[in-house]
Structures are given as structure tokens and as C-alpha cells.
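# Residue-level structure breakdown
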Amino acid sequence: MSAASKTFSALSSRRVGWLLALPTVGIILLVAVVVALLWVLHKNEVEEDRATLIKDVLWLEQNLRFHVTGTEEQLQQLALELPGRTDRHQLFRLRVANLLRNNPDLKQVLWLDSSWAVVDALPAGGKPDQEIESFGPPVAEKAYEIASRLGKRTYSEPYLGPGNHGHFQLVMPVFSEHRLTGVLVAVYPIDALLTELVPWWFTEKYLVQVIDENDIQYGAKSNVQGTPNQSYEIPFEPPGYGLKLRVTGYQSGTNPLQRLLGGAIVILAAGIFWSLWAVRELMKKRVKAEQALRAEHAFRQAMEDSLTVGMRARDTTGRIVYVNPAFCRMTGFSSEELVGRMPPMPYWVPDQIEETLSLHRAVLAGDAPQDGFEITLMRKDGERFQALIYEAPLIDGDGRQTGWMGSFLDVTERKRAEELARQQQEQLQFTARLVTMGEMASTLAHELNQPLAAIASYNTGCLNLLDGASWKPEDIRYALEKVGVQAQRAGRIVRRVHDFVRKSEPKRAPCLVQDVVEDCLGFLETDARKRQVRIDCRSDDLPPVLADRLMLEQVLLNLMRNGMDAMVEIEPDLRLLTVAVAAEGGEIVVRVADHGCGIADDVKDKLFTAFFSTKPDGMGVGLSICRSIVEFHRGRLWADPNLDSPTGSGTIFTFTLPLEHA
Ligand code: ADP
């Protein structure tokens, strides 16, 4: 990846990081604000609860006070009226019965004389028990004393009566002509007071307790259960003495709507977090994919820039849609000059526009040759060059063909080199043929000798006949005909040599391989006889192949001579060279087998290398030329060990020629 694109990707990933962080921060802030709001609401609620509690407590306290003071007033009225009445007892009973009826919270009202003995009581009974006693006299008596001394109503200290129920007493002195004659005492059980005076709705909400400074409970009332929330205390006066009214609020079950809202907020926040997380993961994946794509793009760009093959894409109408840098280098035109162009293209050779256009049409019609085609193109500076073009359909991501992609190879140099190599090869072949001829010169001389000797002897015979008297013209004719035949034979030999040595362009024409083999035998017969090698030729009746006869002859001569060379060392009886020609699987197969020395392993690899020879006077070009000739005819040439050889060694050279050309 280039430095610029790296910086870009670093920048963009930083930006994406920020983009991803922003909503997260936003959501966190939102949740914080919602939580703060809920907290403020809760606080308000608590404060409201407290205000309500205080209000309720004040109301209750006032209620209690009013009630007790009301009783106090009635008792005071009775205390004022009692001394002057003769029907004191009746009045007491009447009033007190009335008082008790209207105030069920009152347990008992007593009338005591000045020595605190009970004069009368309603309901009847003695002085109430007092479990808690202060230092000195019992709390009630202490209150009687105080009331009588002060001459005004007094409340006793609270005390625990039977069953640990808290009580207090209201003591009202009774004076007759400024002399204390006794006291009226109202006994209040605190529980009863609370039961009567604390309304039901109050107890549904609160726990009401009456306690002293030491937290000893004297009475309580409540109908609620649960966790105490907050409490408020207020002095309980009368009776006073540090008694307190403590009201405790209970946590009312949270409002279901509130709970629902809270739950919804939590679920929504979780949902938003989750979706944000999913988006974040998605974005991360996207960034990764983008980076991979960018890397891939950079890689492709680098690959494209370093390609030496020119690439050019055209749409289905033939318009150039893309050219790579190599194509621009090859033609000398810039990509801007080429992209969007329609034929004729600026790199077409002006005097071959028609041919190029027809090729162009063939490509667009899908008829371009599969294995490419060659064409001459022109660079911007006018220089011509030879291009090898392969055209392939351009398929898009949906599998539709959108045009054609052509790859261009500048083969000018290669062609030049090939031409040079071809010329050199030809030269070499010719030289090799000369060499072969040189090697065969003596045998040829010997062969020519035969017809010449025959001609000479026929000639001598004729002369002898002419010298004699009894010659007949038929005899002379017969001899002259023989001379003619021998002269033709000699002529054929000379022509064959001439043909063989003559340098000519390869000419392929239908020829029968078995005839070529026959000709070669004619060439080698004498030499073979001299070397005591038998040559066995086997051939089926085969169709002709399309080949250069002389070249085939050269191959066969080479292989047969090599075979004879290889058998120099073996028993003359075993020196057998077999040439077999057969048709196998659509090709002509020619096998030249010998019983010679065979091919050593280290020689095998170099066999077809030019100028490799194991012979002291060998040139080492024979087999390399044979192979190029066979390959020129689209055939193959190779060597195998001859496993059927009676000497245990030997080689079979096989070459093939395709029959389809015939
Ligand atoms: P040259 O005959 O001039 O050596 P060739 O290219 O015809 O050149 O042969 C190369 C080498 O291959 C020979 O020197 C020989 O060692 C080996 N060779 C060729 N034909 C045979 C054969 N029939 N048997 C054994 N060796 C062979």
C-alpha cells in the first residue's frame, strides 16, 4: 500500500473511531440525565412524603390535644359544680357516665377525697395499678399532690398498667370555698386513646407510637407492614413529661406506571446500547473490508502497472473502455488518447485498415481464433510492430458479457530472433547434409562405379562384336539398351545426390513414407554391405503424408546410419537394422531399431543436444536436426532401449508423423 493511502486509511479509521465514540458518549449522557431525573423525582417524592407525614402528624397531634382538652373542660365543669351540690354523687355519676359514653378512650373516672381515698368511681373500682413508679410516691399520687398544690388540672407521668399498656391520668382538683376537698381523676389508656382518635386511613399509612425519651413504648397503632421509610416525632402534650408522638411512614409500593417507565427506560437503553454495539461491529467490519479492498486495489494496481503484456478492454460496440500502462507503452499513446475511441484506432496501420477492421469485426462477433492471432500495428511515432493478440470475453460480476479483453504481446523481436534461428537451422541442415554427403562420397563413388563399369563393359562388348564378322544388329541394340539403362541408373544416382545436396525451401507435398524408406535403402545399400549390416524393411500399405520428402529422407538416413555406427563392435551375424513403418492411432509411426551398443544413461539427456557426439569424427548435429525436422512436421522423435535385441543392448528410434495432413 502506498504511504498516501496508508495515511488516508489511518485518518479514516480515526474518524470512524470518533464517529463510533460520539453516539456512545451521547447515550451515556442520556442515561445519566435520565437517572438524574429519576433521582430528582424520587427525592421530590420523598420530600413530598415527608411534608405529608409532618402535616398528618401535626393534624393528629392537634386532634389528640383537642380531644383531651375537651375532656379536661368537661371534668373541670364537673369539679366546679360538685362542691355546691347535695346530689353530688348523682351528678358525678350522671356526668361521668355521659363523659364515658362520648369518650370511649377514657377507661375510668375517679373521685378521690383529699386523702386520696376513692369517694366514687365509674366504672366502679379502686385506684388503677401503676407499674412504673418514679422515685418517691407513685406517679398518680405525685400528680394529685401537684394538682392540689397548684390548684389546677394536672396530668400524671405516664406509666405502664396491666398488660404493659401505657396510661396517664388527668387530675382535676375540686375546691369548696377555696379548700381542696378532693380530686377528679380521668384514666387514659394510651392504646384506647389512639384506637379512638387515630383514623383508619392514618393507620393504613403510618405506625403511630407514643414513646418516652427512653424509647419506651406506651401505646401504638398501625395497620401497615413493610419497611419503615421515614418517621417524625412531636411532643405529646398533654400529658407532656417528654412523651412523644412518633409517626413512621411505610414505603408504599412503587407506582406500577413508574416501575413500568423505569423498566422501559432500562430496556430501551439496553436496546440502544445493543444496537449501537451492533452498528459499531458492523462499522468495524466495514472499515476492515474497506481496508482489505483498498489493499486489494493497490495490489491490483501494482500488478497492472508491472504487467509487460498490454491489456485493452472494449465494450460490445468496439469502444475502448480501458488500456493498461503496458499497452500505452507499446503503442505510444496515452490512456486519455485511447479510452473512448471507436475504430479505426490510431494504432492501426493505415494501409491495412480494411484487414484490421475485418479482424476487429470477427473479434466482436466472437470469431477470434482461440490461440491468438498476429497483426501488424503502428506506434504513435509511426514505427510498425508485430503484435500477438489473444481476445477473451469480458464477463461482469453477474456473468454477463460486457465486452472483450485483449492481451497484446509485442512479438517483433521474437519474430526476428525466430527468423534468424530458422535461417541458422536451415544453414545447419544444409551443412549437415553436405557432411552426410561427404561421408557417403566413397560409397557413392562405388555405387557410380557399378553402372559406369557396366557401361564400359557393354561398350567393350559392342566394340568386340563390331570387330568380329558375325555380329547382328540385335546384339548391338541389346548392348546399347543395357548401356542406356546403366547410364540412366548412373544419372539417377547423380540426380539423387544433387537433389539431396541442393539447398531448397521446405516443400510439403503428399508422399509415401515407405517410398522414402526405399530411397534411403538405395542410398545406404552399398555402405551397409561394406559394413556387413543387414537392413530389414517392413511396411504396411499406408496412405501418403504431407511432408518434405528430402527432409524425411535426411531423418531416416541419419537414424539408419547411427544404427549402423552403433553395431560396429558386435558380431557381423547379429548386425541387423530394422526399419518398420506402421499406422497407429491417426499417425504414421516409423521405428528404426538396431542391436548396437545402446545409449548410456549419461548420454540419454544430451542425445538431442546440438554438437553432442560420442564419436571421434562425429559432428553431433544429426539427432538435433532430426528432431527439429520431425517437430516441423508436427511429429515427435524419441529413443527407447531395444529390449528384444539378441545382444542384450540396442536402441529403437521412433518418430511419428500425423496422418491428417495427407
Ligand atoms: P553424430 O552421429 O554426429 O555423433 P548424432 O546427433 O546423430 O551425432 O548422434 C549423437 C550421439 O547419439 C551419437 O554420438 C551417439 O553417441 C548417440 N547415438 C545416436 N544414435 C545412436 C544409436 N542408434 N545407438 C547408440 N547411440 C546412438
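Scroll up to find the structure.
First things first, this report covers the structure right here in the doc.

Criteria and thresholds
- Residues numbered from 1 in each chain as written.
- Predicted model: local features only at pLDDT ≥ 70, side-chain atom pairs only at ≥ 80, totals over all residues.
- Heavy atoms only, no water.
- Near = heavy atom within 4 Å.
- Polar contact = N/O pair within 3.5 Å; in protein donor to acceptor, adjacent residues only side chain to side chain.
- Areas by Shrake-Rupley, 256 points an atom, 1.4 Å probe, with all protein chains shown as cover.
- 1 Å grid on protein atoms, 1.4 Å probe; cavity = no way out; pocket = protein on both sides within 12 Å on 5 of 7 lines; lining within 4 Å.
- Sits in = over half its atoms within 2 Å of the grid points.
- Helix = DSSP H or I, 4+ residues; strand = E, 2+ residues; numbered from the N terminus.
- Expected span 1.5 Å × (residues − 1).
- Buried < 20%, exposed > 50% of the residue type's maximum accessible area, 1.4 Å probe, protein only.
- Salt bridge = Lys/Arg side-chain N within 4 Å of Asp/Glu carboxyl O.
- Pairing = 2+ DSSP bridges.
- Points joined across faces, edges and corners; volume = space filled by probe spheres on them.
- Nonpolar A, V, L, I, M, F, W, Y, C, P; charged D, E, K, R; others polar.
- Contact = heavy atoms within 4.5 Å.
- Axes fitted to C-alpha atoms, helices over the stretch in contact; angles between N-to-C directions.
- Patch = residues over 30% accessible without salt bridge, like charges linked within 9 Å, V, L, I, M, F, W, Y side chains within 5 Å.

Turning next to the site of the ligand. By nearness alone, 18 residues border the ligand, and Asn562, Ser613, Thr614, Lys615 and Leu623 come closest of all. Here an oxygen atom of the ligand sits 2.9 Å away from a polar atom, N or O, in the side chain of Asn562. Lys615 is positioned such that a nitrogen or oxygen atom in its side chain is 2.7 Å from an oxygen atom of the ligand. Relative to its unbound accessible surface of 530 Å², the ligand loses 93% to contact with the protein. Applying the majority rule of atoms within 2 Å of the grid points places the ligand in the largest pocket. Put simply, the parts of the chain that give the shell around the ligand at least two residues each are helix 13 (549-566), helix 15 (622-632) and strand 22 (651-658).

Take helix 13 next. Taking 1.5 Å per residue, 18 residues should reach 26 Å; helix 13 reaches 26 Å between its end C-alpha atoms and fits that length. Counting buried residues along helix 13, 15 of its 18 residues qualify, which places the element largely inside the surrounding structure. The opening residue of helix 13, the one whose side-chain oxygen lies 3.1 Å from the backbone nitrogen of Leu550, is Asp548.

Right, let's talk about the pattern of salt bridges for a bit. Enumeration over the complete set of coordinates arrives at 34 salt bridges. In this structure, Asp215 and Arg246 form a salt bridge, with 3.2 Å as the shortest nitrogen-oxygen distance. One end of the pair, Asp215, is in the loop between strand 7 (206-211) and strand 8 (217-222); the other, Arg246, is in strand 10 (residues 244-250), with 31 residues separating them in the sequence. A salt bridge links Asp527 to Arg531, with the shortest nitrogen-to-oxygen separation between them at 3.5 Å. With a gap of four residues between them, Asp527 and Arg531 both fall in helix 12 (residues 513-531), about one helical turn apart. What emerges from the salt-bridge pattern is a single network uniting Asp527, Arg531, Arg561, Asp565 and Lys615.

The buried count for strand 5 (residues 166-176) comes to ten of eleven residues, which makes it a mostly enclosed element. Pairing of strand 3 (residues 154-155) with strand 5, which is carried by two bridges, proceeds in the antiparallel orientation. Note that in strand 5 the partner of Thr154 across the bridge is Val171. Strand direction decides the pairing type here: strand 4 (residues 159-160) and strand 5, joined by two bridges, are antiparallel. Paired with Tyr159 across the bridge in strand 5 is His167. Hairpin geometry of strand 4 and strand 5 is characterised by an intervening segment of five residues between the two adjacent antiparallel strands and by a positive phi of about 75° at Gly163. Two successive antiparallel strands, strand 5 and strand 6 (residues 179-189), enclose a turn made up of two residues, where Glu177 displays a positive phi of approximately 50°.

For the structure on display, the rule yields two cavities of 30 Å³ or more. If you trace the largest cavity, you find 14 residues lining it, with Arg312, Arg314, Trp348, His360 and Ile389 closest to the centre. Counting residues per element, the ones that place at least two in the lining of the largest cavity are strand 11 (310-315), helix 9 (353-364), strand 13 (373-378) and strand 14 (384-395). Among the residues making up the lining of the largest cavity, the classes are represented as nine nonpolar, two polar and three charged.

One number sums up the size of the largest pocket: a volume of about 830 Å³. Mapped onto the lining of the largest pocket, the elements with two or more residues apiece are helix 10 (412-467), helix 13, helix 15 and strand 22. A total of seven residues in the lining of the largest pocket trace back to one element, the largest contributor, which is helix 13. Split by residue class, the lining of the largest pocket holds 15 nonpolar, eleven polar and seven charged.

Before going further, it helps to examine helix 3 (residues 139-150). The end-to-end C-alpha distance of helix 3 is 16 Å, a good match for the 16 Å that twelve residues give at a rise of 1.5 Å each. The complete set of buried residues in helix 3 reads Val139, Ala140, Ala143, Tyr144, Ala147 and Ser148. In the core, the buried residues of helix 3 are packed alongside strand 1 (108-113), strand 3, strand 4, strand 5 and strand 6.

Attention now goes to the sheet that holds strand 10. Spatial ordering of the open sheet is given by 8-7-10-9, a layout of four strands whose pairing is antiparallel. The sheet is open, and its two borders are formed by strand 8 and strand 9 (228-235), each paired with just one other strand. The sheet shows a mean angle of 15° between the axes of neighbouring strands, direction not considered. Relative to strand 8, strand 7 runs antiparallel, the two being bridged by five bridges. Directly across from Ile211, in strand 8, lies its bridge partner Gln217.

Our focus in this paragraph is unusual backbone geometry. Residue Pro344 is bonded to the preceding Pro343 through a cis peptide linkage, with omega at 0°. Along the polypeptide, Pro344 turns up in the loop between helix 8 (335-338) and helix 9. The residue Tyr241 is not glycine, and still its phi comes out positive at about 60°. As for its position among the elements, Tyr241 is in the loop between strand 9 and strand 10. With a phi angle near 65°, Arg634 is a residue other than glycine that sits in the positive phi range. Mapped onto the secondary structure, Arg634 falls in the loop between helix 15 and strand 21 (637-641). For Arg634, a relative accessible area of 60% puts it in the exposed group.

Moving on to a nonpolar patch on the surface. On the surface, Leu37, Leu38, Leu41 and Ile265 cluster together to form a nonpolar patch covering roughly 340 Å² of accessible area. For the nonpolar patch, the element with the highest residue contribution is helix 1 (residues 3-81), accounting for three residues. With respect to the secondary-structure elements, Ile265 resides in helix 6 (residues 256-306). By relative accessible area, which is 33% here, Ile265 ends up partly exposed.

One open sheet holds the five strands; their spatial order is 12-11-15-14-13, and the pairing between them is antiparallel. The two strands at the open ends of the sheet, each matched to only one other strand, are strand 12 (320-323) and strand 13. Mean inter-strand twist for the sheet, computed between neighbouring axes without regard to direction, equals 35°. Of the strand pairs in this sheet, strand 13 and strand 14 are connected by six bridges, and their pairing is antiparallel.

Such coordinate-based values are descriptive only and should not be taken to indicate function.
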